[in-house]
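One-letter residues, chain by chain:
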Amino acid sequence: YLHAVSVSMYSDRPRTLIHNDVHGDNLLVAENGERSLAILDWQLTTPARPGPDLAGFLVGHLETTERRRHENRLLEMYYSVLIQHGITGYSFEQCWDDYRTALVMTAGRLATAVGFHPGLTATPDGDWNVVFPRYAQALADFGVGELLRQRYG
């Protein structure tokens, strides 16, 4: 389903601007009386359906129990910001489905990187042994296999 998911994520509407590489090395946090966050390194930015950045970041960077505890609230906040900034004709249920579906791309990207990048193949500990099991658990938690069968046959 990777091809079908990628085509729909990058071509179907509504679309927003996504970073495509949100991880700790691309975040700058400042504490100057109040917290502020900047996302760096926008070279992979592209228009896409909402979901890939948030799914990859939350699932990949939060331990599974923490993700489960905070996920709905964070997704609701994300959806609210999308609506405030002009996304129309897009329900929360569609946002939830896009969030779940986007994990196929994020997990696929990580598997490809580990399989082909010499440095990651030699020492995949951080990415493969920590992050990939989080993706696999989320794919199972969300019933992504059934969602993909419903969406793409």
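Residues numbered from 1 in each chain as written. Predicted model: local features only at pLDDT ≥ 70, side-chain atom pairs only at ≥ 80, totals over all residues. Heavy atoms only, no water.

**Some thoughts on the packing of aromatic side chains**
Part 1 of the argument: Tallied over the entire structure, the rule returns six aromatic pairs.
Part 2 of the argument: Consider the rings of Tyr1 and Tyr152, whose centres lie 6.5 Å apart with planes at 40 degrees: the pair is tilted. Here the residue Tyr1 occupies a position in the segment before α1 (2-11), and Tyr152 occupies one in helix α7 (residues 144-152), the gap between them amounting to 151 residues.
Part 3 of the argument: Residue class for Tyr1 comes out partly exposed when judged on its relative accessible area of 43%.
Part 4 of the argument: Note on Tyr152: relative accessible area 26%, which makes it partly exposed.
Part 5 of the argument: Ring plane angle 50 degrees and centroid distance 5.8 Å describe the contact between Tyr99 and Phe142, whose orientation is recorded as tilted. Of this pair, Tyr99 sits in helix α4 (residues 92-116) while Phe142 sits in the loop between α6 (125-141) and α7, and the two are 43 residues apart along the sequence.
Part 6 of the argument: For Tyr99, a relative accessible area of 1% translates into the label buried. (Phe/Tyr/Trp six-rings, centres within 6.5 Å; stacked < 30°, edge-to-face > 60°. Helix = DSSP H or I, 4+ residues; strand = E, 2+ residues; numbered from the N terminus. Buried < 20%, exposed > 50% of the residue type's maximum accessible area, 1.4 Å probe, protein only.)

**Points about the side chain of Asp53**
Part 1 of the argument: Following the sequence through the fold, Asp53 ends up in helix α2 (residues 52-61).
Part 2 of the argument: Buried and without a salt bridge, Asp53 has Arg109 as its closest oppositely charged side chain, separated by 6.5 Å.
Part 3 of the argument: Excluding residues that lie within four positions of it along the chain, Asp53 makes contacts with Ile18, His19, Asn20, Asp21 and Val22. (Lys, Arg positive; Asp, Glu negative; His and termini not counted. Salt bridge = Lys/Arg side-chain N within 4 Å of Asp/Glu carboxyl O. Contact = heavy atoms within 4.5 Å.)

**Considerations on the side chain of Thr101**
Part 1 of the argument: The topology assignment puts Thr101 in helix α4.
Part 2 of the argument: Look past the residues within four positions of Thr101 in its chain and what remains in contact with it is Val5, Met9, Leu147, Leu148, Arg151 and Tyr152.

**Some details on the pattern of salt bridges**
Part 1 of the argument: One pass over the full model with this rule turns up eight salt bridges.
Part 2 of the argument: Here Asp98 ties to Arg49 by a salt bridge, and the two come within 2.8 Å at their closest N and O atoms. On the criterion of sequence distance, the pair formed by Asp98 in helix α4 and Arg49 in the loop between β4 (46-48) and α2 is long-range, its members being 49 residues apart.
Part 3 of the argument: Exposure remark for Asp98: the relative accessible area of 0% places this residue in the buried category.
Part 4 of the argument: A salt bridge links Arg149 to Glu146; the nearest nitrogen and oxygen atoms lie 3.4 Å apart. Highlighted residues: Arg149 and Glu146, both in helix α7, separated by three residues, approximately one helical turn.
Part 5 of the argument: By relative accessible area, Arg149 is classed as partly exposed at 46%.
Part 6 of the argument: Among the residues examined, Glu146 registers a relative accessible area of 39% and is labelled partly exposed.

Honestly, that's just the spatial picture; any functional story needs more than this.
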